[in-house]
Amino acid sequence: MPHMFIFGLGYTASRLAARLRRDGWQVSATGRAGDVDFADADAVRAHIARASHILSSVPPDRDGDDPVLAHYGDVVRASSARWFGYLSSTGVYGDTGGAWVDESAPIGTGRRSARALADQKWQDLRPDMRVFRLPGIYGPGRSALERVREGKAHRIAIDGQVFSRVHVDDIIGGVMASFEGLPGVYNVADDRPCSQNAVIEGACALLGVAPPPLLSLEDAGLSPMARGFYAENRRVANGRAKRMLGWRPLYPSWREGLIACRNEEGN
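Residues numbered from 1 in each chain as written. Predicted model: local features only at pLDDT ≥ 70, side-chain atom pairs only at ≥ 80, totals over all residues. Heavy atoms only, no water.

So, the overall build of the protein chain
Now for step 1: Of the regular secondary structure elements, the protein chain holds 10 helices and 12 strands.
Now for step 2: Relative to the compact-globule value of 18 Å for 267 residues, the protein chain shows a C-alpha radius of gyration of 19 Å, a close match.
Now for step 3: Viewed in the frame of its principal axes, the protein chain has a C-alpha envelope of about 55 × 40 × 35 Å.
Now for step 4: Across the 267 residues in the protein chain, those meeting the buried criterion constitute 52%.
Now for step 5: Put simply, of all contacts in the protein chain between residues at least 6 apart along the chain, 82% involve residues at least 24 apart. (Helix = DSSP H or I, 4+ residues; strand = E, 2+ residues; numbered from the N terminus. Rg over C-alpha atoms; globule rule 2.2 N^0.38 Å. Buried < 20%, exposed > 50% of the residue type's maximum accessible area, 1.4 Å probe, protein only. Contact = heavy atoms within 4.5 Å.)

Section: the side chain of Ser 57
Now for step 1: As for its position among the elements, Ser 57 is in the loop between β3 (53–56) and α3 (67–78).
Now for step 2: Separated by 2.4 Å, the side chain of Ser 57 and the backbone oxygen of Gly 8 make a polar contact.
Now for step 3: Excluding residues within four positions of it along the chain, Ser 57 makes contact with Phe 7, Gly 8, Ala 13 and Leu 87. (Polar contact = N/O pair within 3.5 Å; in protein donor to acceptor, adjacent residues only side chain to side chain.)

Observations concerning the pattern of salt bridges
Now for step 1: Scanning all chains against the criterion turns up 13 salt bridges.
Now for step 2: For Asp 74, the salt bridge identified is with Arg 77, shortest N-O distance 2.8 Å. Taken together, the residues span about one helical turn, with Asp 74 and Arg 77 both in helix α3 at a distance of three residues.
Now for step 3: Each member of the salt-bridge network shares a partner with another, and the members are Arg 15, Asp 169 and Glu 264. (Salt bridge = Lys/Arg side-chain N within 4 Å of Asp/Glu carboxyl O.)

Some words on helix α10 (residues 254–265)
Now for step 1: Given a rise of 1.5 Å per residue, 12 residues ought to cover 16 Å, and the 16 Å separating the end C-alpha atoms of α10 matches this to within 8%.
Now for step 2: Among the residues of α10, those classed as buried are Trp 254, Gly 257, Leu 258, Ala 260 and Cys 261. One face of α10 carries all of its buried residues, which in axial projection span an arc of 160°.
Now for step 3: Looking at the buried residues of α10, the elements they touch are β7 (136–138), α5 (144–149), β9 (165–167) and α7 (196–207).
Now for step 4: Gly 266 lies just past α10 and shows a positive phi near 80°. (Expected span 1.5 Å × (residues − 1). Arc of directions from axis to C-beta.)

Side note on the environment of Asp 65
Now for step 1: Mapping Asp 65 onto the fold places it in the loop between β3 and α3.
Now for step 2: Take Asp 65: its relative accessible area is 39%, and that puts it in the partly exposed class.
Now for step 3: Separated by 101 residues in the primary sequence, Asp 65 and Val 166 place their C-alpha atoms 26 Å from one another.
Now for step 4: Setting aside chain neighbours within four positions, we find Asp 65 in contact with Pro 60 and Lys 121.

Regarding the sheet that holds β3
Now for step 1: With parallel pairing, the six strands of this open sheet are ordered in space as β2-β1-β3-β4-β6-β10. Each having just a single partner strand, β2 (26–29) and β10 (184–187) make up the two edges of the open sheet. Neighbouring strand axes in the sheet, compared pairwise and without regard to direction, differ in orientation by 20° on average.
Now for step 2: In terms of strand pairing, strand β4 (residues 83–89) meets strand β6 (residues 129–134) through six bridges, oriented parallel. When the bridges of β6 are listed, Phe 84 appears paired with Met 129. (Pairing = 2+ DSSP bridges. Axes fitted to C-alpha atoms, helices over the stretch in contact; angles between N-to-C directions.)

Details of the nonpolar core
Now for step 1: If you look at the biggest cluster of nonpolar residues, it comprises 26 residues, and the most contacted ones within it are Met 4, Ile 6, Leu 16, Leu 20, Phe 132, Val 175 and Phe 179.
Now for step 2: The set of elements that each furnish at least two residues to this core consists of β1 (3–7), α1 (11–22), β2, β4, β6, α6 (168–177) and α9 (239–245).
Now for step 3: If we skip the residues at most four places from it in the chain, Leu 20 touches Met 4, Trp 25, Val 27, Met 176 and Phe 179.
Now for step 4: In terms of nonpolar packing, the next biggest core, distinct from the first, is built from 22 residues, Phe 7, Ala 51, Ile 54 and Leu 125 among them. (Core = buried A, V, L, I, M, F, W, Y, C linked by side-chain atoms within 4.5 Å.)

Structural notes on α1
Along an α-helix, a turn takes 3.6 residues, which lines up residues three or four apart on a common side.
Now for step 1: For α1, which comprises 12 residues, the first-to-last C-alpha distance of 17 Å matches the rise-based estimate of 16 Å (1.5 Å per residue) to within 8%.
Now for step 2: Thr 12, Ala 13, Leu 16, Ala 17 and Leu 20 are the residues of α1 that are buried. Looking straight down α1, one finds that the buried residues subtend no more than 135° of arc, so they occupy a single side.
Now for step 3: For α1, the secondary structure elements touched by its buried residues are β1, β2, β3, β4, β7 and α6.
Now for step 4: A positive phi of about 95° marks Gly 24, the residue just after α1.

Below is the structure:
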């Protein structure tokens, strides 16, 4: 029986774990939803020793320090597992002015410098590492539909602002496709980047409500983190994952993805 050990059982990793368990895998993990205490070094080392697959979804802190690498990097480096993966972010690319960006682009020039540093450290840890760079993640219970329902959706008047995003199940598909694929860095994103306004308007249409007013960035009252989201503008190319892993997104745009979210949520 294959055994996946996951550092950080968050939203995406939890959905991956559920899929693998349905397929007959053993899955153990750290994190609030996991069954292994990250601070229990003996337990973590024992699970790493038994694991056939090891994945980290734990982000670095603001200084770029990765707690998994700091505490268990040497153990992972020496592991005899046959597959290793790390969930990174396309924020490592910084702002491209709306241009397409692929895995050959330099990293570390944008606001996510800590992410870029951790991304590079995971690449350097082992030559057989798979690093998955992910844009904005959405899925059931965590999408524009929830923001609209809760009255937290915004439409911001910024011309030419474009983002990539990815449905959580397409991340799972990319990770699983890599089990038999080559190591390396992969962008896992949808096919059709678009403005955030288009997604919010589409969610409102699916829910049968009027879209929120169009506001300037200054008038929207966004948090510094939310304002930072609008500081970068890029389209993320996913061709390498398609070529090298045979992966294809189930949801090539937000339209198919939001419909799937609504159907799974049952409303």
